[in-house]
Structures are given as structure tokens and as C-alpha cells.
Amino acid sequence: MRSRLCISLLIGCLFFAMGIPTGFAEEQDLAPDARSAVLIDEDTGTVLFEKNSRDKLPPASITKIMTMLLVMEDLDAGKIKLDEKVRVSEHAASMGGSQIFLEPGEQMTVRDLLKAVAVASANDASVALAEHLAGSEEAFVERMNERAKQLGMTDTRFQNATGLSAPEHVTSARDIAIMSRELLKHPEITNFTRIYQDYLRKDTKKPFWLVNTNRLVRFYPGVDGLKTGYTSEAKYCLAATAKRGDFRLIAVVMGEPDTKTRNRDVSRMLDFAFSRYTNYVVYRKGDPIGEVRVGGGDPHKLTIRSPQQLSILMKKGEKPGEFKRKILWESLKAPVRQGQKLGSVLIEKDGKTVAEMEIRSPREIPRAGLWTTIKRVTKGVLFYPEDAKAPEDEKAG
């Protein structure tokens, strides 16, 4: 997991630099009863529908998407493990609202606590995880807000790890879509969010039956997450994701009057997108992109692979051959820093860029030593920046 996170962070896909492209946005109101809503293509971040998507509103338990994101990032970084035990504090056990009735001093694995958060929206499990990761809920909330800032979530301010009502605890549908998209970069999370029902403490005297608060995971084909929310202030909220083939959508609604209306509006949004759009995969995660040369480096060539899926969002009827793929490599000379930009992949149609992926170095590349340089000279393989590959241009399909 650690190497996967490293590569993901250092060769990260940045579609339009934290922004969400809106060229496809639908004008009809697909969520008439929601206070705020947004529908995006998960791969490119393109907005297919939005309504008051920048309004700052209380998110209730949708907050836990950020809680789950930080848990998944620490798992990938090797800071915690799914099977390690978490001791429950008095503070965590005191949480009201949705809960699994943890007791002070009880121990439960990260895996089971994460399941409780993802399926049952358990506030006590959320705080237990927050304290385990950061030492206190307050310190964890600082991490939540820092991560939100890094992701460009400019409408967001978190006050707790649960979403329980608090002054100035707000976010927007747009920001929820951003953090949902980031969470889905950890596909293992859907192993938890897709569960409809399960048990905790199954072989004990106190088994606890979990039923997913997101009923669409059972009743809408392809839905495998992500998070519901409800408080009397926030009303009924939902960030849902559905995947058919390689095409994944994220739909967010906030301020719905009841669960039936919430689920109906989200289903309508997903129906709309699946009926009108599709995608074409240019690179799957791990596919080779190409080689970049580093003048005077050791090594002097680096093979680059795609850190995640890169695809083209297309209206049905469009052809992949209408799009062009262009790879632009930087002119590089050692030393190269870890995370340094190596180049970009551009997807273009009619001369306009419709998707872009930055390529960054997964490792440091030092200068070659004297003996290595001498051997290269004798073999005729001494590379300089001007040797870097020229742009590659070809049809995406």
C-alpha cells in the first residue's frame, strides 16, 4: 500500500488543476427538491449537472468522507493497519446520533471501525478512528481542514469528524464531489461502502447488525457508495457513486426533504448521465506511458506508468478517433527531485484540451558518477536535455 500511495501522490492526475470543468453541464433541473446538487464524471471531474453547487451548507454525516479519506491515506502510507486494535476513549463512546454503542476501553480493529463508519455512519467509530490517527479529535479536525485546503475545497470548514451540528461546520456540493473523487482514488473503500448489511462483534454476546444507510447500494444497479447524511439542520444529504463498465459517476445532493426524494433525485441524475454519456479509457492504472530521458542522470531513462485510469468523457455517438493524445516531455537534467514534473499527457479534440494529466517523478534521480559517465561515453549513450523525446501525437482511439 505504501508504494501505491507514493506513486499516486507523486505522479498524480491533475485534471484542470483542482478545478472541475463544466463544459458538459446540463441546464435542466435534475434535482428539483434539493437545496444544492452536483453530478460529475469521476475520471475527469467534468460537471454534467449542477445546482447551487457552491452554496455553503451543513453536510451532516457526509463529513465522514473526509474522515474515511484520511484513514485510507494513512493505511496506504503504512502508518496504520486494518487489523490493528483501537482502544475506545470516553469521548468517542459518548457520541450521540448514529452509533454502534462502543464502550470506554473497548478494543475494535481499524477494519471494523471503518466498516461501521462506511455502512452505519457510526459517530462513535468515527471519533475512535480520529483519535487513533491524530491523538485527539481536535488534532484530527486540523488535518481534515488542511487536507481540504490542499484539495481546493474553498467552501469547506470542518469542526468535527462526524458531521454532528456545529457552528460554521459547512461545505458545498462541489467540495463534497472533490473529496469523494479523492476518496475513490482508494478503490478498496468500496469494499466497505458497497456492503448492504453485516455484523460487528458477530461471535460475541453483543453482536451488532449493520444496515447501510445508503439504500441505493441495494436498489440502484452499479451504486457502491459513498455516504449519506442527516441532521434537522442539514436535512437529507447523499454523496453517491455508481459504476458501469469503466464509467463511474459521483452525484451529490444536499438539503433534501426526505430519504425517498433524496434517492429519487440521485437516481434521476445517474439515469441522465448513463443514458447520454460514456467514456473511452486511454490508460488503465499501471499502463506504460513512455520513457523519459534524464541528461547526466543515474539512471538516464525512466519508464513512466499511469498511476490511475485516464479516460475521455464522450457524449454517446462520439468516436474515440475524434480525440488526439499528446505526450509532452520536459527537457530534464540530473539531479531530478522526487515529485518533479516530467511531462504531461494531453487529450485534445478540435484543438482544445479536454483532459490533462501531469506526470511527476516517483523517485530522485541523482547525477551519474564519473565512472558511469565514462562507460556511457564509450557506449555512446551520454544523454543531455536536448536528447529528450519530442512530443508524441496520436489518435486517442
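Given the structure is predicted, the values throughout are model-derived calculations rather than measurements. (Residues numbered from 1 in each chain as written. Predicted model: local features only at pLDDT ≥ 70, side-chain atom pairs only at ≥ 80, totals over all residues. Heavy atoms only, no water.)

Attention shifts here to helix H2 (residues 64–76). In this model H2 runs 18 Å from its N-terminal to its C-terminal C-alpha over 13 residues, within 8% of the 18 Å that 1.5 Å per residue would give. A large share of H2 lies buried, amounting to 13 of its 13 residues. (Helix = DSSP H or I, 4+ residues; strand = E, 2+ residues; numbered from the N terminus. Expected span 1.5 Å × (residues − 1). Buried < 20%, exposed > 50% of the residue type's maximum accessible area, 1.4 Å probe, protein only.)

Right, let's talk about the environment of Ala-177 for a bit. Tracing the backbone shows Ala-177 in helix H7 (residues 173–183). Judged by relative accessible area, which is 0%, Ala-177 ranks as buried. When the C-alpha atoms of Ala-177 and Asp-41 are compared, they prove to be 9.8 Å apart, with 136 residues separating the residues in sequence. Not counting residues within four places of it along the chain, the set of residues in contact with Ala-177 comprises Val-38, Ile-40, Ile-250 and Val-252. (Contact = heavy atoms within 4.5 Å.)

Here we take up the pattern of salt bridges. Between side chains of opposite charge, a pair can form as their charged atoms come close. Throughout the structure, instances matching the rule amount to 21 salt bridges. Note that Lys-51 is salt-bridged to Asp-29, the shortest N-O span being 3.3 Å. Here the residue Lys-51 occupies a position in strand E2 (residues 47–51), and Asp-29 occupies one in the loop between helix H1 (2–10) and strand E1 (36–41), the gap between them amounting to 22 residues. Between Arg-111 and Asp-83 there is a salt bridge; the shortest N-O distance is 2.8 Å. Of this pair, Arg-111 sits in helix H4 (residues 110–120) while Asp-83 is found in the loop between H2 and strand E3 (85–87), placing the two residues 28 residues apart along the sequence. (Salt bridge = Lys/Arg side-chain N within 4 Å of Asp/Glu carboxyl O.)

We now examine the packing of aromatic side chains. Taken as a whole and judged by the stated rule, the model has four aromatic pairs. Seen in terms of ring centroids, Phe-101 and Phe-208 are 6.2 Å apart; in terms of plane orientation they differ by 55 degrees. Their pairing is tilted. Pair noted here: Phe-101 is in the loop between helix H3 (90–93) and strand E4 (107–109) and Phe-208 is in strand E6 (residues 208–211), with a separation of 107 residues, a long-range link. For Phe-101, a relative accessible area of 51% corresponds to the exposed category. Here Phe-208 falls in the buried class, since its relative accessible area comes to 18%. Above the plane of the ring of Phe-274 lies Arg-244, whose end atom (NZ or CZ) is 4.3 Å from the centre. (Phe/Tyr/Trp six-rings, centres within 6.5 Å; stacked < 30°, edge-to-face > 60°. Lys NZ or Arg CZ within 6 Å of the ring centre and 35° of its normal.)

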